[in-house]
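# Breakdown of the fold
Each chain is listed here by its residues.
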Amino acid sequence: MFAEASLSVWGWGGLGVVLFLISFGPFAIFYLAFYILCFIGGGFVVLLLFGKTNSEKHLERCEHSYLPPTQAGIMKVLEEMKCESKPIKIDRRLTGSNIIDEPLQQVIQFALRDYIQYWYYTLSDDETFLLEIRQTVQNALVEFSTRSKEVDWQPYFTTRLVDDFATHLRVFRKAQERLNEREDPKQRDAPDELLDSFFEAEVEMERKICRDMVCTSRKDEEGYLRDLCEVLLYLLLPPGDFHNKNMRYFLREVLARGVLLPLINQLSDPDYINQFIIWMIRDSSCDYEAFLNILKLTDKPAELEAVKDKVLEELQFLRSLDTAGDHISVIKNQMNSLLFVKKVCETRIQRLQSGKEVDTLKLAANFGKLCVIPLEHILVHNIALQFFMDYMQHMGGQAVLFFWLTVEGYRVTAQQQLEVLQSSQRDGKNQSSQTTKGLLRAAALGVYDQYLSEKASPRVQVDETSAARLEQKLSKEDPTPEIFDEIQRKMYDLMLKDERYYPSFKQHPLYVRMLAELDMLKEPSYRGSEDGDLESFNGSPTGSINLSLDDLSSGSVDESAQLHAFISDTGVCNDHGKTYALYTITVIRKNSDGSEDIWKTYRRYSDFHDFHMRITEQFESLAAILKLPGKKTFNNMDREFLEKRKKDLNSYLQLLLNPEMMKACSMLIPYVYDFLENKAYSKGKGDFARKSDIDPEHCRVSAQLDDNVDDNIPLRVMLLLMDEVFDLKERNQWLRRNIKNLLQQLIRATYGDTINRKIVEHVDYMTSPEQVSDYVKRFRDSYWPNGILAETPPRRDKSTRMRTRVAAKTTLLGIMPDELKHIIGADTTRKGILRVFDMFQHQPMNRRLVYVFLEGILETLFPQYKFPELFQKLHSRSPRVLKYSKKIRSLQMR
């Protein structure tokens, strides 16, 4: 029964399958499976959506029931983002002058296009950011323009700028002097050694500032510029823009690394400076003599090789030309000139490579071949007289020479006064002859008392008969221009014939130096010996001559000698309208062998003051012990006051020369000897430094002009530049006074009394809207010629750069006027010009000068802010500053 039932189920099932396959086909099974899966999947999706909807309703009920309400800020931000941004209005006015604003707007547009837009558009198409950047830059420019208009630029251009340049040159000169003192020639020629000496000299002058890290380290330089730019942005930007860190950092990087750093790199590049020098003096013709002098004076073989290669190239070109026709003589002359230049280069290179190159004045030469300058010519030539004056002072005969010069001055003055008197009498004017004769008598008596009387110190030694005859004329006769002629003629014969004076001067190194300054020294021939040294002067009584100034001094300081000094006399001098007191100091030196040296020297109160400042600055402990008598502004030539000051200065000297003090401070001895030597005292400070008792931080180089008391700005500037460029402070003070007088005459003859007004007008012209617009246009055209960003030019090859150096030196030397050479000397002029040129051939030093100028401009623009303290803080990180501070503290503790 059960079996029959199972069979019927399977039968009916099989029948159903057969009928299904017959009805729907063999693939119906797959369709059926697919329909079943769709049904199940659809049911699952319906359940999921139903559950999600119910879950959201449940969570919403829970949120409203248990959590605080949500903030609406996000929704507001989203709504504002969906709204259209409001357009930003750009005011194109920047400086208030259309001729400046137009090119300045183009510069801003080009800068945004080439430095920001090219990468910003790869991130976003939104113009808002670019407009914000432009608005911020314009705000900064407007603020900068406003401050620039409020600044008086005249003091900066006429004083500060020149001071900064002169200080930089002084640091470079001191670095050169230190290198020249080293015995190893390899150290003297090494660029790194010069750089180290330069920044060591800088920290000694600035004391708390050294820019070595900024000028030699790229990382420190970028950090310095970032700090400086951030301060500028703080001063120029609105508070809202500055406090936006993203905006501030972005502008800081663009300004520091995109603007200032490339500009400083270009301005400090020696090759760029050399090209700029040539461009600035492009109107002057090339001086062939100056070119040959440069080739003979250069100590760089690379410069000579570059010139030689160019000469060979030109020779090859000329030889390839068709020499037929009328131009053959011209071509031959050109070839001969080029061959001569080639020979000069080869000879100079050979001398440099042989190691025989020394100073021209130290080369072997024959005294018999030197030019002989008569004494009468020496006495009337400024340059020659300076060297003869130094020689006479060295030989103790300065009184004879000064008497001759004073009498010459008296004769000229007396003749002029008498001519004026005679002219007045012819014209019928009432001018008292007694007044004129009284003035002449007073002047003649002054000459007599200064050089011939018993009280004269030093006194000119003349025979008693001549002195008595002169004294009788002065007491009984009216003074005439020829009253001193007899004694003056005898003094001239004494200088001419006495072997101590003019005859020996012609055999002295100072005579050779004089010929070099007069450009009358022939180039000596080179005669090498077996040991490679140069031969000495033939015909010289000493066999060889060392032209070092040390040989002209009295010798090294004997620290065991006892020194005594006192003021023996006081007088009042009148020098070109300047009245001052002069103190006669008698110095006695007891040597260790029992002998004594006695001499007299003459000092002004200003000399005492400068000496006091120098030693108290080096040895601060002395400031509490040594007290210099104070100044007096009015009635300081009164006899009673001078006697009191003489007594106080004597007390000062006795305390200074106390053996216990000299023993306790042995490093003070060279300063004391330098002050008491019988020579013109070389001031270490000057008038402005004496004022630095009030504010020592503002001691500038221009203040070193202690003999310049007028307020003529151009004269101060020219004397400053001449002092530093040509190193005139080490020269004879009489020469410096003559230079000053010549410059005064030149200025007054050229401009009269309107020179200061012309200076102001020139500064106003330089800062006028037209000139500023021209500066902006030149900047625009140099960086974006034809509106396209200029590509960085490739570095020129070494040969081209060396030829540019020679061309720049030749140009500088060629523009020097002959009048300047006649005033200060040809050799001094050449050395001064070449010193300035050599200073610009070192990029780290040039960077230092650029940063000094930049800091000076910022201090002038923002005088109310403490920029000097900021720069001191930024530059005091240098290890050299720390090392120098430790050195000073150690010296003070001794």
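Note that this is a predicted model, so its numbers are computed, not measured.

Rules of the game
- Residues numbered from 1 in each chain as written.
- Predicted model: local features only at pLDDT ≥ 70, side-chain atom pairs only at ≥ 80, totals over all residues.
- Heavy atoms only, no water.
- Helix = DSSP H or I, 4+ residues; strand = E, 2+ residues; numbered from the N terminus.
- Contact = heavy atoms within 4.5 Å.
- Areas by Shrake-Rupley, 256 points an atom, 1.4 Å probe, with all protein chains shown as cover.
- Patch = residues over 30% accessible without salt bridge, like charges linked within 9 Å, V, L, I, M, F, W, Y side chains within 5 Å.
- Salt bridge = Lys/Arg side-chain N within 4 Å of Asp/Glu carboxyl O.
- Lys, Arg positive; Asp, Glu negative; His and termini not counted.
- Charge placed at Lys NZ, Arg CZ, Asp CG, Glu CD.
- Buried < 20%, exposed > 50% of the residue type's maximum accessible area, 1.4 Å probe, protein only.
- Phe/Tyr/Trp six-rings, centres within 6.5 Å; stacked < 30°, edge-to-face > 60°.
- Lys NZ or Arg CZ within 6 Å of the ring centre and 35° of its normal.
- Axes fitted to C-alpha atoms, helices over the stretch in contact; angles between N-to-C directions.
- Parallel < 35°, antiparallel > 145°, perpendicular 65-115°, else oblique.
- Left-handed = near helix turned anticlockwise from the far one by under 90°.
- pLDDT = per-residue confidence, 0-100.
- Polar contact = N/O pair within 3.5 Å; in protein donor to acceptor, adjacent residues only side chain to side chain.
- Nonpolar A, V, L, I, M, F, W, Y, C, P; charged D, E, K, R; others polar.
- Expected span 1.5 Å × (residues − 1).

### A few points about the overall build of the protein
Along its length, the protein carries 39 helices and three strands. Within the protein, contacts between residues at least 6 apart in sequence are counted, and of these 70% link residues at least 24 apart. Of the roughly 52,600 Å² that the protein leaves accessible, carbon and sulfur atoms contribute 56%.

### Remarks on a negative patch on the surface
Taken together, the side chains of Asp287, Glu289, Asp818 and Glu819 present a region of like negative charge at the surface. Considering the arrangement of structural elements, one finds Glu289 in helix H14 (residues 288-297). On the basis of relative accessible area, Glu289 is assigned to the exposed category, the value being 51%.

### So, the packing of aromatic side chains
Counting across every chain of the model gives 30 aromatic pairs. Aromatic side chains Phe129 and Phe250 sit 5.9 Å apart centroid to centroid with 70° between the ring planes, which places their arrangement in the edge-to-face category. One end of the pair, Phe129, is in helix H5 (residues 128-150); the other, Phe250, is in helix H12 (residues 245-267), and 121 residues separate them in sequence. The class of Phe129 is partly exposed, set by a relative accessible area of 27%. A network of ring pairs unites the aromatic residues Trp119, Tyr120, Tyr121, Phe129 and Phe250 as a single cluster. It is Arg603 that lies over the ring of Phe675; its NZ or CZ is 5.5 Å from the centre. Of note, Arg645 hangs over the ring of Tyr605, and the distance from its end group to the ring centre comes to 3.8 Å.

### Focus: the packing of H12 against helix H37 (residues 843-861)
At a minimum axis distance of 9 Å, the contact between H12 and H37 shows a crossing angle of 125°. For the element pair H12 / H37, the angle class is oblique. For the pair H12 and H37, the crossing hand works out as right-handed. Where H12 abuts H37, its residues Leu261, Ile264, Asn265 and Leu267 lie against Gln843, Arg847, Val850 and Tyr851.

### Digging into the environment of Tyr673
By the secondary structure assignment, Tyr673 is in helix H28 (residues 669-676). Given the relative accessible area of 6%, Tyr673 is considered buried. Along the primary structure Tyr673 and Leu563 are separated by 110 residues, whereas in three dimensions their C-alpha atoms are 8.9 Å apart.

### Concerning the side chain of Ser197
Along the polypeptide, Ser197 turns up in helix H8 (residues 191-206). We classify Ser197 as buried; its relative accessible area is 1%. Those residues within four positions of Ser197 in sequence are excluded, and the remaining contacts are Ala175, Arg178, Leu179 and Arg182.

### A word on the confidence of the model for the protein
Taken over all residues, the pLDDT of the protein has a mean of 77, while the share at 70 or more is 75%. Taken as a whole, residues 685-699 scores under 50 in pLDDT and shows 30 contacts with residues more than four places along the chain or in a different chain. Here residues 705-711 is a poorly scored stretch, pLDDT under 50, and it has 23 contacts once near neighbours within four places are set aside; other chains count.

### Quick notes on a nonpolar patch on the surface
Together, Ile29, Phe30, Leu32, Ile36, Phe39 and Ile40 make up an exposed nonpolar region whose accessible area comes to about 670 Å². Among the structural elements, Phe39 can be located in helix H2 (residues 28-66).

### Quick word on the side chain of His508
With respect to the secondary-structure elements, His508 resides in the loop between helix H23 (502-505) and helix H24 (509-517). Exposure remark for His508: the relative accessible area of 14% places this residue in the buried category. A polar atom in the side chain of His508 sits 3.1 Å from the backbone nitrogen of Leu510.

### Regarding the pattern of salt bridges
Here the structure, examined in full by the defined rule, presents 41 salt bridges. The closest approach of N and O atoms between Arg226 and Glu222, which form a salt bridge, is 3.8 Å. Placement of both Arg226 and Glu222 in helix H10 (residues 218-236) is noted, with a separation of four residues, approximately one turn of the helix. In this structure, Asp271 engages Arg796 in a salt bridge whose closest nitrogen and oxygen atoms are separated by 2.8 Å. Taken together, the residues span a long stretch of sequence, with Asp271 in helix H13 (residues 270-280) and Arg796 in the loop between helix H33 (769-783) and helix H34 (798-814) at a distance of 525 residues. Looking at Arg796, the relative accessible area reads 27%, which means it is partly exposed. Shared partners join several salt bridges into a network, and the residues in it are Arg218, Glu222, Arg226, Glu230, Arg248, Arg252, Glu253 and Arg257.

### Re the packing of H10 against H37
The contact between H10 and H37 brings their axes to 13 Å, and the two run at 10°. For the element pair H10 / H37, the angle class is roughly parallel. Every residue of H37 that contacts H10 at Glu221, Tyr224, Leu225, Leu228 and Leu232 is listed here: Arg847, Tyr851, Leu854, Glu855 and Leu858. Looking at the contact of H10 with H37 residue by residue, the class counts come to seven nonpolar, no polar and three charged.

### A closer look at H5
Taking 1.5 Å as the rise per residue, H5 with 23 residues should run 33 Å; its terminal C-alpha atoms sit 33 Å apart, in good agreement. Those residues of H5 that sit buried are Leu130, Ile133, Arg134, Gln135, Thr136, Gln138, Ala140, Ser145, Arg147 and Ser148. Its buried side turned inward, H5 meets helix H4 (98-120), H10, helix H11 (239-242), H12 and H37.

### Let's talk about unusual backbone geometry
In terms of backbone geometry, most residues other than glycine have negative phi values and most peptide bonds are trans. With a phi close to 70°, Arg207 is a non-glycine residue in the positive phi region. Tracing the sequence through the fold places Arg207 in the loop between H8 and helix H9 (212-216). We classify Arg207 as partly exposed; its relative accessible area is 32%. A positive phi angle, close to 60°, is found at Asn786, a residue other than glycine. For Asn786, the location among the structural elements is in the loop between H33 and H34.

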